[in-house]
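An overview of the molecular structure
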Amino acid sequence: MRSPPTPEMATQEVPLNETLAHLKTESETLKSKLEEERAKLHDVELHQVAEKVEGLGQFVMKTRRTLKGHGNKVLCMDWCKDKRRIVSSSQDGKVIVWDAFTTNKEHAVTMPCTWVMACAYAPSGCAVACGGLDNKCSVYPLSLDKNENLAAKKKSVAMHTNYLSACSFTNSDMQILTSSGDGTCALWDVESGQLLQSFHGHAADVLCLDLAPSETGNTFVSGGCDKKANVWDMRSGQCIQSFETHESDINSVRYYPSGDAFASGSDDATCRLYDLRADREVAIYSKDSIIFGVSSVDFSLSGRLLFGGYNDYTINVWDVLKGTRVSILFGHENRVSTLRVSPDGTAFCTGSWDHTLRIWA
Amino acid sequence: MFTYVCVCVCVCVCVCVCVCVCVCVCVSPLQMEKVIVAMQDPDMGMKMRNQRLLITVIPHAMTGVCVLLLWCSTESLHLGNMLVKYGYIYPLKEPRCLVLRPDESPYRFQVRPLSMSILPTFYNPAIYLAKKNIRKQGELMEYEKERYSLLHKRINHTWDFVVMQAREQLRASKQRRKADRIVLECQEQAYWLINRPPVRSITLHCIQLYCAIEACRKALGRNRVKSSICLEGFLKYSEQYLNHDPIMQGCLPSNPWISDDTAHWTMNAEIVPVPTRLRVERWSFSFMELLNDAMGRREFMTYLEKEFSAENLYFWQACEDIRHGESSKIVEKVEDIYKNFLAPGAARWVNIDSKTMDKTLEGIKRPHRFVMDDAQMHIYFLMKKDSYPRYLKSDLYKNMLAKAIVPQETKKSVFPFMRRQRHSSPSPAQTATQAAEEEGLAKGAGANSAAGSHF
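None of the values given here were measured: they were computed from a predicted structure.

Side note on the interface of chain A and chain B
At the junction of the two partners, chain A supplies 110 residues and chain B supplies 100 residues. Looking at the side of chain A facing chain B, the largest losses of area belong to F101, E215 and R235 of chain A, adding up to 9% of the total buried there. Between chain A and chain B we count six salt bridges in total. Between R369 of chain B and D189 of chain A there is a salt bridge whose closest N-O contact spans 3.8 Å. Taken together, the links from chain A to chain B amount to 26 residue pairs in polar contact (both at pLDDT 80 or more). Among the secondary structure elements, those contributing two or more residues to the side of chain A that touches chain B are helix 1 (16-40), helix 2 (46-49), strand 1 (63-68), strand 13 (195-200), strand 17 (239-243), strand 20 (271-275), strand 21 (280-285) and strand 23 (305-310) of chain A. The biggest single contributor to the side of chain A that touches chain B is helix 1 of chain A, with 14 residues.

Structural data, given as structure tokens:
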């Protein structure tokens, strides 16, 4: 079959079908070569290196606070830098700011859409961002005037062509990073709503993102339904590294505290650790008895523990270095949908489809 | 899409493009990819600005004639047309006609589903056709009608959801500003004109494979570190931070969530008279730890003042402010930095190598968010390699460490069932508002209270 692709132009000399076949083989060859190269420098496994480390003893963590107030599934939460306040969002469109320590609700906003899948606290503690099925990310300044309607001061910042799956402020209140069901991530200027940079490379919905705690502070990682985790340069918009070892959607990605690695949680019931300098997956956290997907992961402050919230209502605590499960926590009466460790590492918070949030310590 | 607004329309971009060389009659998708990447380079590529389309202003667009001037070659028009026909850029005027007009007609870079994705969900063919059908009953083209019925048959069970999403998208588009509406509609239309099945899909597939191949090649070229070295890093880090991890080792005097006592937070507030020992120790773990802690940064500044190199830290802070601050203040802040730190004879002149200085001064002519990056990194590493290690050996630091508090562990209460009263704390939003008010009231009396939250 002769080309050209459109009747108007005669560009390609070579028939497209041949080109396609040729490209396919070239792509396969390069992929296996890449795997070979990656494997060459993999001289030892993490748990082998960790043999000399002391094992962890019995772990006792309990629910210390239960936050009740949402009328429907809790989908997302984030901590404030003051280490005690949190913002949470739910399926019924409500976004609530709590002082988790006293369990008092401080602010509540009702979004015009349901399924608020993403929410984030601003670094200053003076605003929250949220969004979901409305395809937007909006910023609400937190006012302490009881009479003031928070919704009135709302500022629409981001605009995607599909649902908003995650959002995060960068180092200041002025910029927001978002990921969306439209397959892209984007960086926005809060003041003007301007799109500063967009990130294309995922082949399907992007479900999660996390900013790198590195010195130069210029990268972030995203995970999507295409089973890939991509590391991006925020300035140029280019994908710097890509990892594809999960067998299903990646629901959550989180950087290791040093910034040299990140963990991911997926519907394939595993959590995995990827090292950025070695450019490969270095650990899998899984058990035959765990068959439900992981919705959310986070590290303890030292990076020794990895907490995973699962769809079977439990939280599994993993020893990052040895690869073993240290503890399993029960309490929620439905899926755990979100999990974050507090900024000073004193506790972690989980949100669940059972309409509650719990603080564990 | 990319947003460096500049004053002059056709700036000297002739410099950049070695692309000129590879423009020939037979243009491959890989070459087009290279051209597009070069066009989108933040320093050397197309300068996007507002363009007029009759009475509407289209943001982040370029004119046809500018695209052609980018290459200054006899083959420019041909290459330009290729880019439009393959959907890399799309027209906003007469979107059904996919040609590059050498005039003021506006064009924009297509959002790139053609590159790394298969069928991107945001350009869902079912939703697109459903929308068109709802909007213009019976106006689908022949091949669109065929596709519509095929899709309807295949995904019959979710068709309601498709129609619901189509209605939702139509409703949402009505609420958009006219400029945004035009952009999105042209974008979508151009995409579907180009992606008519089945021939287009092979082209699409080819382009995807080209990109996958490029990505592989790039990955093959990267430097990797041996696993044994990387993994040792994890061990070291966990060990170093073990005592600082409250979940692993507990915290002093007690974990507030367990004891209901907020002493731990009070003692570790952002600014305290005497910091805790763990906190001061942490400053020695890495330069980043020192800078991330407000007190640490203050101490370091004091040290640098003694060494007469405080301008480095001031400079670094000013650069951070640009990187993370409002877009509208960038130009003003860059000017300030030039005046205070870079201009000959500046009050706080920083010592940067001549190459970086030249590059920065050149960049300042067209200021953008990242213009200070190189200079900032240079000064950062200077401080990290030189001043920071000396600070850690200095008396200033050692004294701080010596007088730092080690809190007493709170004795568990005799009656474990009696719960302490849980005190609330001022909301950061409140503190910030108050501070701002106070600042306003101070009337420039020099009392610049630290506006910001005290945690």
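So, the domain arrangement of chain A
Residue and element names in this part refer to chain A. The domains assigned to chain A are domain 1 (61-200) and domain 2 (203-330). Summing the contributions of domain 1 and of domain 2, the shared interface buries around 1400 Å²; its carbon and sulfur component is 69%. On the domain 1 side of the contact with domain 2, M61, L177 and F199 bury the most area, a combined 34% of that side's loss. In this assembly, domain 1 and domain 2 are joined by zero salt bridges. Those elements giving two or more residues to the side of domain 1 that touches domain 2 turn out to be strand 10 (164-169), strand 11 (175-180), strand 12 (184-189) and strand 13.

As for the UniProt feature "transmembrane region" (unreviewed entry) in chain B
UniProt annotation of "transmembrane region" (unreviewed entry) refers to residues 6-32 and 53-71 of chain B when read in the numbering used here. Along residues 53-71 of chain B, the helical share is 32% and the strand share 47%, with 24 Å between the first and last C-alpha atoms.

Focus: the UniProt feature "repeat: WD" (unreviewed entry) in chain A
Residues and elements named next belong to chain A. The residues that UniProt annotates with the feature "repeat: WD" (unreviewed entry) are residues 67-108, 157-198, 199-242, 243-284, 294-328 and 329-361. Within the segment residues 67-108, helix and strand shares are 0% and 60% respectively, and the terminal C-alpha atoms sit 14 Å apart. Taken end to end, residues 157-198 is 0% helix and 60% strand, and its two terminal C-alpha atoms sit 14 Å from one another.

A look at the sheet that holds strand 10 of chain A
Residue and element names in this part refer to chain A. Spatial strand order, 10-11-12-13: four strands in an open sheet with antiparallel pairing. Edge positions in the sheet fall to strand 10 and strand 13, since each of these pairs with one other strand and no more. Neighbouring strand axes in the sheet, compared pairwise and without regard to direction, differ in orientation by 15° on average.

Overview of the nonpolar core
Residues and elements named next belong to chain B. In terms of nonpolar packing, the biggest core is built from 41 residues, with F300, F315, I337, L342 and M372 touching the most fellow members. Elements represented by at least two residues in this core include exactly helix 16 (287-292), helix 17 (294-307), helix 18 (310-324), helix 19 (330-342), helix 20 (354-364), helix 21 (373-393) and helix 22 (395-403). The leading source of residues in this core is helix 18, at seven residues. Discounting chain neighbours no more than four positions away, the residues touching F300 are F287, L290, L291, L313, M383, S387, Y388 and Y391.

Describing the sheet that holds strand 23 of chain A
Each strand in a sheet pairs with another by means of backbone hydrogen bonds, the pair being arranged parallel or else antiparallel. All names here are of chain A. Spatially, the four strands line up as an open sheet ordered 22-23-24-25, and their pairing is antiparallel. Two strands lie at the open edges of the sheet, namely strand 22 (294-299) and strand 25 (325-329), each paired on one side alone. Neighbour to neighbour, the strand axes of the sheet diverge by 20° on average, direction disregarded. Summarising the sheet, strand 23 and strand 24 (residues 315-319) pair through five bridges and their orientation is antiparallel. Paired with L306 across the bridge in strand 24 is W318.

What counts and how
- Residues numbered from 1 in each chain as written.
- Chains lettered and ligands numbered in written order.
- Predicted model: local features only at pLDDT ≥ 70, side-chain atom pairs only at ≥ 80, totals over all residues.
- Heavy atoms only, no water.
- Contact = heavy atoms within 4.5 Å.
- Buried area = accessible area lost by both parts, 1.4 Å probe.
- Salt bridge = Lys/Arg side-chain N within 4 Å of Asp/Glu carboxyl O.
- Polar contact = N/O pair within 3.5 Å; in protein donor to acceptor, adjacent residues only side chain to side chain.
- Helix = DSSP H or I, 4+ residues; strand = E, 2+ residues; numbered from the N terminus.
- Domains from an automatic or database assignment.
- UniProt positions renumbered as here; feature names shortened; annotations may be inferred.
- Pairing = 2+ DSSP bridges.
- Axes fitted to C-alpha atoms, helices over the stretch in contact; angles between N-to-C directions.
- Core = buried A, V, L, I, M, F, W, Y, C linked by side-chain atoms within 4.5 Å.
- Buried < 20%, exposed > 50% of the residue type's maximum accessible area, 1.4 Å probe, protein only.

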